[in-house]
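Tertiary structure, described
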Amino acid sequence: MKKVEAIIKPFKLDDVRSALMDVGISGMTATEVKGFGRQKGHTELYRGAEYAVDFLPKVKLEIIVGEQQVDACIEAILTAAHTGKIGDGKIFVTPLERIIRIRTSEEGEDAV
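First things first, this report covers the structure right here in the doc. Every value quoted in this text rests on a predicted model; they were computed, and no experiment measured them.

**Things to note about the side chain of Asp-88**
Of note, Asp-88 is situated in the loop between α2 (70–81) and β6 (89–95). Within polar-contact distance, the side chain of Asp-88 engages the side chain of Thr-83 at 2.3 Å. Setting aside residues up to four positions removed in sequence, Asp-88 forms contacts with Ile-7, Ile-8, Lys-9, Ala-81, His-82 and Thr-83.

Okay, here's the thing in structure tokens:
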């Protein structure tokens, strides 16, 4: 089992969700987060004063998939989240040692 984490632009969330559903991945956790990388924020004008916005709004997706679904999951995210502009986001893949469903005590892929 793998955990795929993706940091994407907020307006791409529905596109990514649809793309994941198209490849058979229906469960995920989405969290509103703020951050910056190479994009380094931007400046905005408010009531005539310019100020820096260092942290930009993003959405963090956490998706648990079996080994056989990892590549399809990554490809779906890459395709749906891509705009070609700086700040499109990142994808991280990490192994999971153990997964347990609290309600039933099921483990492994049965718990997902």
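Continuing now.
**Things to note about the environment of Arg-17**
Mapping Arg-17 onto the fold places it in helix α1 (residues 13–22). In sequence terms Arg-17 and Leu-61 are 44 residues apart; their C-alpha atoms lie 9.5 Å from each other.

**Details of unusual backbone geometry**
Positive phi is not limited to glycine here, since Ser-105 has a value of about 65°. With respect to the element layout, Ser-105 can be found in the segment after β6. Owing to a relative accessible area of 51%, Ser-105 belongs among the exposed residues under this scheme.

Conventions used here
- Residue positions are counted from 1 within each chain, in the order its sequence is given.
- Local features in this predicted model are restricted to residues whose pLDDT is 70 or higher, and side-chain atom pairs enter the listing and the counts only when it is 80 or higher, whereas totals over whole chains, interfaces and linings include all residues.
- As a rule here, side-chain values cover all heavy atoms of the structure and leave hydrogens and water aside.
- Secondary structure elements follow DSSP: runs of H or I no shorter than four residues count as helices, runs of E no shorter than two count as strands, and numbering proceeds from the N terminus.
- By the criterion applied in these results, polar contacts are pairs of N or O atoms within 3.5 Å in which, for protein atoms, one can donate a hydrogen and the other can accept it, and in which residues neighboring in sequence qualify only through two side-chain atoms.
- The contact definition used throughout considers only heavy atoms, calling two residues in contact when any of these lie within 4.5 Å.
- Buried residues are those whose accessible area, probed at 1.4 Å on protein chains only, stays under 20% of the maximum for their type, while exposed residues exceed 50% and partly exposed ones sit between those limits.

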